[in-house]
Every structure is written in C-alpha cells, then in structure tokens.
Amino acid sequence: MSIIYVIDIAGTFAFAISGALVAIRKKFDVFGVLIIAFVTAVGGGMTRDVLINAHPINWIGDINYIWIILTAVVVTFLFRSKIAPLRKTMFLFDTIGISVFTLIGVQKGLSFDLHPFVALVMGMSSAVMGGVIRDVLTNEIPLIFHREIYASACLAGGMVYLLLHPLNINEDLLFVISASIIVVIRTIAVQYKLELPRIKKDVFGK
Amino acid sequence: MSIIYVIDIAGTFAFAISGALVAIRKKFDVFGVLIIAFVTAVGGGMTRDVLINAHPINWIGDINYIWIILTAVVVTFLFRSKIAPLRKTMFLFDTIGISVFTLIGVQKGLSFDLHPFVALVMGMSSAVMGGVIRDVLTNEIPLIFHREIYASACLAGGMVYLLLHPLNINEDLLFVISASIIVVIRTIAVQYKLELPRIKKDVFGK
Amino acid sequence: MSIIYVIDIAGTFAFAISGALVAIRKKFDVFGVLIIAFVTAVGGGMTRDVLINAHPINWIGDINYIWIILTAVVVTFLFRSKIAPLRKTMFLFDTIGISVFTLIGVQKGLSFDLHPFVALVMGMSSAVMGGVIRDVLTNEIPLIFHREIYASACLAGGMVYLLLHPLNINEDLLFVISASIIVVIRTIAVQYKLELPRIKKDVFGK
C-alpha cells in the first residue's frame with residue numbers, strides 16, 4: 001500500500017499543478033489559484049467520499065494533501081515558465097494520476113461493499129471529478145465531455161481490475177496491471193489523436 | 001409502493017433521455033453523453049440524499065438506476081432521430097418524472113422527521129437538481145431560473161401533499177392526487193405560456 | 001453564543017439579499033430569485049457541514065434559516081429600489097456576514113476535532129462557498145477568484161483565532177477580535193482598492 005500512497009501523493013501534486021496553471025492562465029489572483037489547485041487535486045476523491053459516506057473524506061482525514069497542494073502551488077508560481085512547456089512530463093504525471101485515482105476509487109468502493117459497477121463509477125469519479133469541478137469553477141464546459149479518450153481509459157482499467165479481482169492475484173500486482181492499462185490506452189489515444197465517437201450532424205438541424 | 005417505484009423508474013428513464021439529447025446537441029462524445037444523462041437522471045435524488053444523510057444514496061443503493069440510464073442512453077443513440085421530434089411525449093414523461101420525484105422527495109424528507117418545509121425543499125430538490133447539475137455542467141444558466149412554471153408546480157403539489165397528509169388519506173391516493181396537481185399545473189402553464197413574474201426593469205439602470 | 005447567533009442570522013439575511021439582487025439583475029423569475037438567495041445564504045455552511053459530516057446540516061437543523069431567507073427575498077422585492085443604492089450598508093452587512101461565517105466555521109471545525117488547518121479551510125468555505133455556488137449557478141466565474149481581498153481577509157481572521165485559541169482567552173472575546181480583523185482588513189482593502197497579486201503576463205504567450 002505504501003507505494004500506492006506515494007503515487008497517490010504524486011498524482012495529487014500533478015493535478016494541483018495542472019489546476020494552478022489553468023488558474024494562472026485565467027488571471028486569477030493568488031487565492032483563486034490556490035482554490036483551483038485544491039479542488040482539481042482533491043475534488044475527485046472528495047466527491048467519491050461524500051457520495052459513499054466515507055468520513056473523514058480524503059483531505060480531511062490526511063493533512064498531507066493540504067501540504068502537497070500548497071507545495072505544488074508554490075512550485076508552480078516559482079517555476080511556471082519552466083513547468084508550462086514541459087507538456088510531456090505534465091502529461092505523464094497527469095496520466096499516472098488518473099490511473100492511480102481510478103484504482104484507489106474502485107478499491108475503496110469495493111471495500112465499502114458496493115456493487116462492482118458502482119465501485120467502477122466511484123473509480124471514475126475519483127479520476128475525473130477534480131477536473132470537472134475545476135472546469136465548472138472556471139466557467140468552461142468540462143474538457144472530459146468533448147476531448148480525447150480519458151474517462152474511457154479509466155473505465156477500461158477499472159473493468160480489468162474488477163474482472164481479475166476474483167482470481168486472487170496479488171493486490172499490488174493487480175493494481176499495477178490495471179493502472180498500466182489506463183496509462184497505455186490514454187498514451188496511445190493521445191499519440192494517435194483517437195477520439196470517442198460523437199454524433200456529428202445532430203437531430204435538431206443545428 | 002410498487003406503482004410508485006415503476007413511475008420512479010419511468011421518470012428516471014425520461015430524465016436520462018432528456019439529458020442525453022442535450023449532450024448530443026452539445027456535440028459531447030459518447031462518454032460525455034453518458035455522464036450528462038446520468039446526472040440529469042439521478043442528480044436530484046442524489047443531492048437530496050447527501051443533504052439529509054440518507055445513505056446509501058439513491059443510485060448507490062439500487063443498481064437498477066444504472067441499468068435504466070444505460071438503457072436510456074442506448075435508446076437515445078439508436079432512435080434519436082425519432083425521439084427528438086416527440087416533444088409532446090417527452091414533455092409528458094418529463095412532467096410525470098418531476099411530479100413523482102417531488103413527492104418521493106417530500107415523503108423521504110418526512111420519513112427522516114424533517115420539518116415539513118424542509119421536506120418540501122427536499123421534494124423540489126429531487127425534481128429540479130438533476131436539471132440544474134446538467135445545465136451547470138453544460139455551461140448554461142439553469143433553465144429552471146428563467147423558464148416557464150416548473151419548480152412552482154412542484155412546490156404546489158408538494159404543499160398539497162403536506163396539507164392533506166395529516167388527514168390520514170390513503171398514502172397512494174394522496175400521492176396520486178398531489179402528483180396530478182403538478183402535472184396539471186405544468187401542462188396548463190406550458191399550454192398557455194404562463195410564466196412567473198420577474199422584475200423587467202431592474203434597479204441598476206441596465 | 002446568543003450574540004453570535006444573532007449576527008449569524010443577520011449575515012444570512014445580508015447574504016440572501018445580495019443573492020436576490022444578483023438574480024433580479026439577471027432577470028430570473030421569482031422562483032429563481034428565491035433559489036439564488038437561498039444558496040447564497042446557506043451554501044457556505046451547507047458545504048462545510050456536508051464535508052465534515054455534521055448532520056443535520058445548517059438549514060435542515062434550524063428552520064429559522066428558511067424564514068430569514070424568505071423574509072429577505074420579500075424585503076428585496078418590496079424595497080429593491082431603496083436597497084440597491086445602499087452600497088455601503090450592504091457592504092457592511094456582507095462583511096460582517098463573512099467574518100461571522102468564517103469564525104463559526106473554524107469553531108465548528110475545531111469542535112469536530114479537525115486539524116487546525118482543516119478547520120481554517122472550513123471557516124473559509126463557510127464564508128465563500130455561498131457566493132461561489134451563486135456565481136456557478138448564474139454562469140459567472142466566481143468573483144472571489146479575481147476580485148479584491150476577500151477570502152484572504154477570512155484567512156487572516158481565522159488564523160488569528162487559531163493562534164490565540166490555545167491562550168484560553170474568553171471564547172466570545174476571541175470571536176469578536178478575530179471577526180474585527182476580517183472586517184478591518186476587507187474594509188481597508190476595498191477603501192484603498194488593494195488586490196492580491198496575480199501573474200499579469202502569462203507563460204502561454206496569451
């Protein structure tokens with residue numbers, strides 16, 4: 001579990017930086033940047049924990065989240081001109097982040113005896129709701145609704161976890177396998193600009 | 001209670017379709033359509049349950065919600081060119097949906113020993129919050145704030161329920177009476193384009 | 001505690017009026033005005049209570065909130081041409097409101113044995129989340145992210161409370177001292193148009 005905790009913290013750090021960069025771009029003040037970094041980083045787990053009644057919720061039960069986010073915001077302000085161009089590094093962090101968040105969410109859902117499909121929804125909420133809240137607060141249509149393969153990668157990884165779970169594979173190994181699937185799918189999707197299908201010509205004549 | 005459950009499921013189905021149609025119109029991808037359908041359908045009951053601490057919340061405690069929503073999304077994709085023009089049918093479904101959601105909310109509020117007015121707010125939340133979340137996520141001002149009589153119909157039906165409740169009328173009968181009032185008020189309002197009053201000339205010179 | 005309760009009610013009243021004025025300006029109907037007034041007034045405490053699992057949440061546990069908000073909405077409709085120009089009075093009410101909400105939030109957080117920093121976040125949530133929800137529902141970027149010193153004043157007052165708390169000062173006195181700091185900081189900030197720093201030239205060449 002300790003390796004997973006480390007990756008969880010790394011994912012939180014990456015999400016906080018990505019939130020801070022968005023807020024800086026929107027010309028928010030220091031405080032606005034801090035709030036957006038915060039909700040981006042912990043919004044997913046917070047949503048999950050409120051919905052499944054898992055109190056204390058993520059960042060209330062573990063003060064490290066607040067420290068990590070404060071650190072990420074300071075780092076972003078100090079090194080923003082260096083961080084922003086690091087698209088590939090940021091993409092890697094972010095992708096590892098969603099893969100870990102997804103599986104932590106699925107595991108937590110199962111540990112609360114939820115139906116596997118509900119656990120799957122909890123995994124995806126953990127991964128995507130931070131970004132959704134960030135986008136709602138910055139008055140954007142959430143990226144996840146019209147961007148590249150993202151939530152679907154989480155879905156695939158979560159389903160693999162659920163399918164292999166009854167086989168009594170070592171828990172950490174299963175975690176790593178499923179997380180890798182998310183990372184691989186998303187990386188390939190972005191590399192080849194794959195997108196989910198959508199209805200191009202709509203039924204309303206618009 | 002079983003008839004009410006059937007209508008609840010029908011209302012959930014109708015709400016999911018209406019959410020899916022909005023998301024398709026906004027050119028969301030398959031996943032975005034699924035999420036919008038989901039929050040539109042269960043967002044009201046979910047908000048109510050989180051606020052009154054009724055765990056497991058609606059769709060976590062009953063896996064049927066997820067099946068119904070998945071079905072509704074598939075149906076919408078397959079038959080969208082046939083569904084979209086069915087404005088009257090959709091309107092009927094939607095109206096039955098809000099009437100049932102309102103009264104289920106009020107009943108649940110009362111069963112949690114809430115003040116009748118708080119139960120009324122819970123009824124209205126159940127009916128309108130799904131649409132509000134849908135509109136927030138699609139970056140629109142929630143329709144309910146500036147459209148035809150909608151929440152007020154729910155309010156009226158909920159109040160009738162609360163007023164008649166102490167009379168020991170048969171619970172199912174009372175449910176049907178109050179729900180009918182919501183359906184009738186909304187139908188008349190839409191038929192005659194009735195709107196709630198609003199301040200036309202504002203006090204800010206704009 | 002009774003004086004604090006009175007100020008809490010006064011702050012709720014002020015927040016409800018400010019929400020109602022925004023909704024009227026946006027040409028919402030009567031019902032939309034009521035909802036916006038409601039979420040502006042109780043949204044902060046509601047968010048806090050859901051996150052820390054303090055049930056019944058603020059307005060569910062105390063029916064007075066609903067009465068106060070209804071009164072505020074009626075007063076706003078009746079006297080809007082007189083209230084809207086009273087900028088200084090409204091500002092005073094609003095400022096007293098956030099100062100009281102902040103400290104009630106911090107106190108509640110501490111009484112739930114939260115880490116002092118988490119209690120501080122709860123204080124600020126109590127003060128600002130009502131306005132954030134109002135802005136999200138009216139499709140605006142929340143003011144707090146790009147306006148004058150606001151949340152930072154709450155932060156300062158909350159920190160003073162936390163620092164002096166271990167000294168066993170009389171609880172009411174400590175409350176008044178910390179609240180005054182918030183009022184003073186915000187008033188000075190607005191008077192001299194102080195703003196938090198923000199990054200002017202961004203790193204994305206925009």
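Each value, and the rule that gives it
Residues numbered from 1 in each chain as written. Chains lettered and ligands numbered in written order. Predicted model: local features only at pLDDT ≥ 70, side-chain atom pairs only at ≥ 80, totals over all residues. Heavy atoms only, no water. Contact = heavy atoms within 4.5 Å. Buried area = accessible area lost by both parts, 1.4 Å probe. Salt bridge = Lys/Arg side-chain N within 4 Å of Asp/Glu carboxyl O. Polar contact = N/O pair within 3.5 Å; in protein donor to acceptor, adjacent residues only side chain to side chain. Helix = DSSP H or I, 4+ residues; strand = E, 2+ residues; numbered from the N terminus. Buried < 20%, exposed > 50% of the residue type's maximum accessible area, 1.4 Å probe, protein only. Expected span 1.5 Å × (residues − 1). Core = buried A, V, L, I, M, F, W, Y, C linked by side-chain atoms within 4.5 Å. Phe/Tyr/Trp six-rings, centres within 6.5 Å; stacked < 30°, edge-to-face > 60°. Least-squares fit on C-alpha atoms with pLDDT ≥ 70 in both.

**Digging into the interface of chain C and chain A**
Every contact between the two is made by 33 residues of chain C and, on the other side, 30 residues of chain A. Each partner contributes to the roughly 2,800 Å² buried at the junction of chain C and chain A, and carbon and sulfur atoms together form 75% of this total. Linking chain C to chain A there are zero salt bridges. At the boundary of chain C with chain A, the tally comes to one residue pair in polar contact (both at pLDDT 80 or more). Sorting the residues of the side of chain C that touches chain A by element identifies α2 (30–52), α6 (116–137) and α7 (151–164) of chain C as the ones contributing at least two each. A per-element tally of the side of chain C that touches chain A places α6(C) first, with seven residues.

**As for the pattern of salt bridges**
Residues and elements named next belong to chain A. Per the stated rule, a full pass over the model turns up 15 salt bridges over all chains. A salt bridge links lysine 26 to glutamate 140, with the nearest nitrogen and oxygen atoms 2.4 Å apart. In this pair, lysine 26 is assigned in the loop between α1 (2–25) and α2 (30–51) and glutamate 140 in the loop between α6 (116–137) and α7 (151–164), connecting sequence segments 114 residues apart. Residue glutamate 140 is classed as partly exposed on the basis of its relative accessible area of 35%. Among the ionic pairs, aspartate 49 bridges to arginine 48, the shortest N-O distance being 2.9 Å. Its relative accessible area of 0% is what places aspartate 49 among the buried residues.

**A look at helix α5 (residues 87–111) of chain B**
The terminal C-alpha atoms of α5(B), which comprises 25 residues, lie 36 Å apart, in line with the 36 Å expected from a rise of 1.5 Å per residue. Note on α5(B): the residue one or two positions beyond its end, B:Asp113, has a positive phi of about 60°.

**Considering the nonpolar core**
Ranked by internal contacts, the top residues of the largest apolar core, which has 163 residues, are A:Trp59, A:Ile60, B:Trp59, B:Ile60, C:Trp59 and C:Ile60. Looking at this core, the element that brings in the most residues is α2(C), giving 13 residues. C:Val100, C:Leu103, C:Leu120 and C:Ala179 belong to the second largest nonpolar core, which has 13 residues in total.

**Considering the packing of aromatic side chains**
All names here are of chain B. One pass over the structure, following the stated rule, counts nine aromatic pairs over all chains. Aromatic pair phenylalanine 38 and tryptophan 59: ring centres 4.9 Å apart, planes at 80°, arrangement edge-to-face. In this pair, phenylalanine 38 sits in helix α2 (residues 30–51) while tryptophan 59 sits in helix α3 (residues 58–61), placing the two residues 21 residues apart along the sequence.

**Focus: the interface of chain B and chain C**
Contacts between the two partners involve 33 residues from chain B and, on the opposite side, 30 residues from chain C. Taking both sides of the interface into account, the surface hidden between chain B and chain C amounts to around 2,800 Å²; carbon and sulfur atoms contribute 75%. Across the chain B-chain C interface, the total number found is zero salt bridges. Our enumeration of links across chain B and chain C arrives at one residue pair in polar contact (both at pLDDT 80 or more). At the level of secondary structure, the elements contributing two or more residues to the side of chain B that touches chain C comprise α2, α6 (116–137) and α7 (151–164) of chain B. At seven residues, the largest contribution of residues to the side of chain B that touches chain C is made by α6(B).

**Here we look at the relation of the copies chain C and chain A**
The second copy of the chain is related to the first by a rotation about an axis and a shift along the axis. Turning chain C through 120° and shifting it by 0.0 Å along the axis lays it on chain A, with an RMSD of 0.0 Å. Seen this way, the second copy is the image of the first under a three-fold rotation axis. The overlap is low: 12% of the interface residues of chain C also sit at the interface in chain A, so different surfaces are used on the two sides.

**Some thoughts on the relation of the copies chain B and chain C**
At an RMSD of 0.0 Å, chain B and chain C line up after a rotation of 120° and a shift of 0.0 Å along the axis. By residue overlap, the copies meet through two different surfaces: only 12% of the interface positions of chain B are interface positions in chain C.

**A look at the side chain of A:Arg134**
Here A:Arg134 lies in helix α6. If near-sequence neighbours (up to four positions away) are discounted, A:Arg134 is found in contact with A:Ser18, A:Gly19, A:Val22, A:Ile36, A:Val39, A:Thr40 and A:Leu143.

**Some thoughts on unusual backbone geometry**
For the bond from A:His55 to A:Pro56, the omega torsion is -5°, close enough to zero to count as cis. Within the fold, A:Pro56 resides in the loop between α2 and α3 (58–61). Positive phi, close to 60°, is recorded for B:Asn139, a residue that is not glycine. Residue placement: B:Asn139 occurs in the loop between α6 and α7. Even without being glycine, C:Asn53 reaches a positive phi, approximately 65°. Of note, C:Asn53 is situated in the loop between α2 and α3 (58–61).

**Overview of the environment of A:Val50**
Within the fold, A:Val50 resides in helix α2. Note on A:Val50: relative accessible area 12%, which makes it buried. Sequence separation between A:Val50 and A:Met129 is 79 residues; the distance between their C-alpha atoms is 12 Å. Those residues in contact with A:Val50, other than ones at most four positions away along the chain, are A:Ile57, B:Val50, B:His55, C:Val50 and C:Leu51.

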